[in-house]
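Here's the letter readout for the chains.
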Amino acid sequence: VQLVESGGGLVQPGGSLRLSCAASGFTFNSYAMSWYRQAPGKERELVAGITSGGGSTNYAASVKGRFTISRDNAKNTVYLQMNSLKAEDTAVYYCKVRVSSGYDYWGQGTRVTVSS
């Protein structure tokens, strides 16, 4: 299993970024996917999740209405569209999959910095 995130960077408050997570090594369209983030000095937290078919999503209260998770099962990729970014969104963002054995696989993360 391999998860490779991309799309992070430096953005001004109020700006937007789209993160991507390219997956391989497992049957992508059979598994729910999640985005997590970890800010400096804080624990890793769930940001958003999406079911295997993309029909259901969930979000942390802090990002609801600003972030959108989606997936393209033909491309084995999950996305996180982030709008109206705030300084408190600064973190390393990770995608995760929990496979049928119950093991969690994580990507290496992509850093998002929101600053003027």
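Up top is the structure.
As a starting point, this report considers the structure included with it. Just so we're clear, the structure is a prediction, and the values are computed from it rather than from any experiment.

Criteria and cut-off values
Residues numbered from 1 in each chain as written. Predicted model: local features only at pLDDT ≥ 70, side-chain atom pairs only at ≥ 80, totals over all residues. Heavy atoms only, no water. Helix = DSSP H or I, 4+ residues; strand = E, 2+ residues; numbered from the N terminus. Rg over C-alpha atoms; globule rule 2.2 N^0.38 Å. Buried < 20%, exposed > 50% of the residue type's maximum accessible area, 1.4 Å probe, protein only. Core = buried A, V, L, I, M, F, W, Y, C linked by side-chain atoms within 4.5 Å. Contact = heavy atoms within 4.5 Å. Phe/Tyr/Trp six-rings, centres within 6.5 Å; stacked < 30°, edge-to-face > 60°. Lys NZ or Arg CZ within 6 Å of the ring centre and 35° of its normal. Salt bridge = Lys/Arg side-chain N within 4 Å of Asp/Glu carboxyl O.

### Digging into the overall build of the chain
Each helix and strand counted, the chain has zero helices and eleven strands in total. For the chain, the C-alpha radius of gyration of 13 Å lies close to 13 Å, the compact-globule estimate for 116 residues. Overall size of the chain, expressed as C-alpha extent along the three principal axes, is 40 × 25 × 25 Å. When each of the 116 residues of the chain is scored for burial, the buried share is 41%.

### Some words on the nonpolar core
Trp-35, Leu-80, Met-82 and Tyr-93 are the most contacted members of the largest nonpolar core, which totals 30 residues. Taken together, the elements giving at least two residues each to this core come down to strand 3 (17–24), strand 4 (33–38), strand 5 (45–50), strand 7 (67–72), strand 8 (77–82), strand 9 (91–98) and strand 11 (110–114). Excluding its chain neighbours within four sequence positions, the residues that come into contact with Met-82 are Gly-15, Ser-16, Leu-17, Leu-19, Arg-66, Phe-67, Tyr-93 and Val-112.

### What to know about the packing of aromatic side chains
Counted according to the given criterion, the structure contains five aromatic pairs. Here Phe-26 and Phe-28 contribute two aromatic rings whose centre-to-centre distance is 6.1 Å and whose plane-to-plane angle is 55°, an arrangement assigned as tilted. Comparing Phe-26 with Phe-28, the two get one shared label, buried. Ring geometry for Tyr-36 against Trp-106: centres 4.9 Å apart, planes inclined by 70°, an arrangement best described as edge-to-face. Taken as a pair, Tyr-36 in strand 4 and Trp-106 in strand 10 (residues 104–106) lie far apart in primary sequence, 70 residues in all. Judged by its relative accessible area of 34%, Trp-106 is partly exposed. Grouped by ring-pair contacts, the aromatic residues Phe-26, Phe-28 and Tyr-31 constitute a single cluster. Here the guanidinium or amino end of Arg-44 rests over the ring plane of Trp-106, the centre of that ring lying 4.5 Å away.

### Quick word on the pattern of salt bridges
Across all of its chains, the model carries five salt bridges by this definition. The residue Asp-89 makes a salt bridge to Arg-37 at a minimum N-O spacing of 2.9 Å. Here the residue Asp-89 occupies a position in the loop between strand 8 and strand 9, and Arg-37 occupies one in strand 4, the gap between them amounting to 52 residues. It is possible to trace a salt-bridge network through shared partners that takes in Arg-37, Glu-45, Arg-66 and Asp-89.

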